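# Fold and contact review
Residue-level listing of the chains:
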Amino acid sequence: MQLVVGKTTDIISKSQIIRRRVFFEEQNIPLELDLDGLDEYSSHALITENGLLIATARLYSPDGKHSILARVAVVKEYRKNGIAPKVINALIAHAKESGYSTIEIHAHEYLKKYYEKFGFEFIQNVEIVGEHQLIEMQLKL
């Protein structure tokens with residue numbers, strides 16, 4: 001498996017393909033909610049294996065101090081194999097290297113305990129996207 005972090009057109013387009021499969025096709029989240037115009041300003045973690053697109057996540061900083069981790073997606077065939085922590089940890093490391101002080105995430109409510117394992121703390125319930133309640137969590141770096 002190969003893991004890269006970057007913001008090239010190639011990485012972004014491959015990340016969007018994974019997200020379309022996971023969010024739109026599997027979770028019925030409208031495409032317009034995923035394609036929010038922030039991809040080109042974000043760093044993306046991308047995992048591939050022998051040309052297959054496996055997993056992605058992105059990190060966006062609106063101000064150069066704080067960052068937002070979003071769009072964590074692993075294709076169905078590779079879930080439960082410890083893949084998601086690889087993209088999450090890669091972007092946590094990238095955030096530290098970039099000098100960000102915090103990472104915020106809006107996660108599915110059922111993933112609260114999962115993100116707590118990385119050090120994220122629950123802040124509040126936020127919006128409902130599709131059929132999914134999202135919660136705000138934060139990691140101080």
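What you see is a predicted model; the values in this text were computed from it and never measured.

Rules used throughout
Residues numbered from 1 in each chain as written. Predicted model: local features only at pLDDT ≥ 70, side-chain atom pairs only at ≥ 80, totals over all residues. Heavy atoms only, no water. Helix = DSSP H or I, 4+ residues; strand = E, 2+ residues; numbered from the N terminus. Rg over C-alpha atoms; globule rule 2.2 N^0.38 Å. Buried < 20%, exposed > 50% of the residue type's maximum accessible area, 1.4 Å probe, protein only. 1 Å grid on protein atoms, 1.4 Å probe; cavity = no way out; pocket = protein on both sides within 12 Å on 5 of 7 lines; lining within 4 Å. Points joined across faces, edges and corners; volume = space filled by probe spheres on them. Nonpolar A, V, L, I, M, F, W, Y, C, P; charged D, E, K, R; others polar. Domains from an automatic or database assignment. Contact = heavy atoms within 4.5 Å. Pairing = 2+ DSSP bridges. Axes fitted to C-alpha atoms, helices over the stretch in contact; angles between N-to-C directions. Core = buried A, V, L, I, M, F, W, Y, C linked by side-chain atoms within 4.5 Å.

### Considering the overall build of the protein
- The helix and strand tally for the protein stands at four helices and seven strands.
- Put simply, the protein runs from its N terminus to its C terminus through helices and strands in the order β-α-α-β-β-β-α-β-α-β-β.
- A globule of 141 residues ought to have a C-alpha radius of gyration of about 14 Å, and the protein, at 14 Å, matches this closely.
- In terms of its C-alpha atoms, the protein occupies a principal-axis envelope of roughly 35 × 35 × 30 Å.
- Residue burial in the protein is summarised as follows: out of 141 residues, 43% are buried.

### Overview of the layout of surface pockets
- Put simply, the largest pocket is a space of about 1,100 Å³.
- Along its surface, the largest pocket is lined by 39 residues, and Phe23, Val72, His108, Leu111 and Tyr115 are the ones closest to its centre.
- Considering each element in turn, the lining of the largest pocket owes the most residues, seven residues, to strand β4 (residues 66-74).
- The residue makeup of the lining of the largest pocket, split by class, is 24 nonpolar, six polar and nine charged.
- A domain-level breakdown of the lining of the largest pocket finds at least three residues from each of domain 1 (2-100) and domain 2 (101-140).

### Digging into unusual backbone geometry
- Even without a glycine there, the phi angle at Asn28 is positive, about 60°.
- You can see Asn28 is positioned in the loop between α1 (9-26) and α2 (31-34).
- Classification of Asn28 as exposed rests on a relative accessible area of 55%.
- With phi around 50°, Asn50 is a residue other than glycine that occupies positive phi space.
- Residue placement: Asn50 occurs in the loop between β2 (43-49) and β3 (52-60).
- Asn50 sits in the exposed class, given a relative accessible area of 80%.

### Some details on the environment of Leu69
- Within the secondary structure layout, Leu69 lies in strand β4.
- Along the backbone, Leu69 and Ser42 are 27 residues apart, and their C-alpha atoms lie at a distance of 9.5 Å.

### Details of the side chain of Thr48
- With respect to the helices, strands and loops of the structure, Thr48 is situated in strand β2.
- The exposure class assigned to Thr48 is buried, which follows from its relative accessible area of 13%.
- Ignoring sequence-local partners within four residues, the contact set of Thr48 consists of Met1, Gln2, Leu53 and Ile54.

### Describing the sheet that holds β3
- Judged by pairing direction, the sheet is mixed, and its seven strands sit side by side in the order β1-β2-β3-β4-β5-β7-β6 without closing on themselves. Strands with a single pairing partner mark the edges of an open sheet, and in this sheet they are β1 (2-6) and β6 (121-129). For this sheet, the mean inter-axis angle between neighbouring strands, taken without regard to orientation, is 20°.
- Lying on the sheet, α1 is in contact with β1, β2, β3 and β4; it crosses β3 at an angle near 105°.

### As for the nonpolar core
- Formed by 38 residues in total, the largest nonpolar core has its most connected members in Leu69, Ile103, Tyr115 and Phe120.
- Contributions of two or more residues to this core are made by α1, β2, β3, β4, α3 (84-97), β5 (102-108) and β7 (132-140).
- Taken domain by domain, this core gets at least three of its residues from each of domain 1 (2-100) and domain 2 (101-140).
- What Ile103 contacts, discounting residues up to four positions off in sequence, is Leu59, Ser67, Leu69, Leu91, Ile92, Ala95, Phe120, Met137, Gln138, Leu139 and Leu141.

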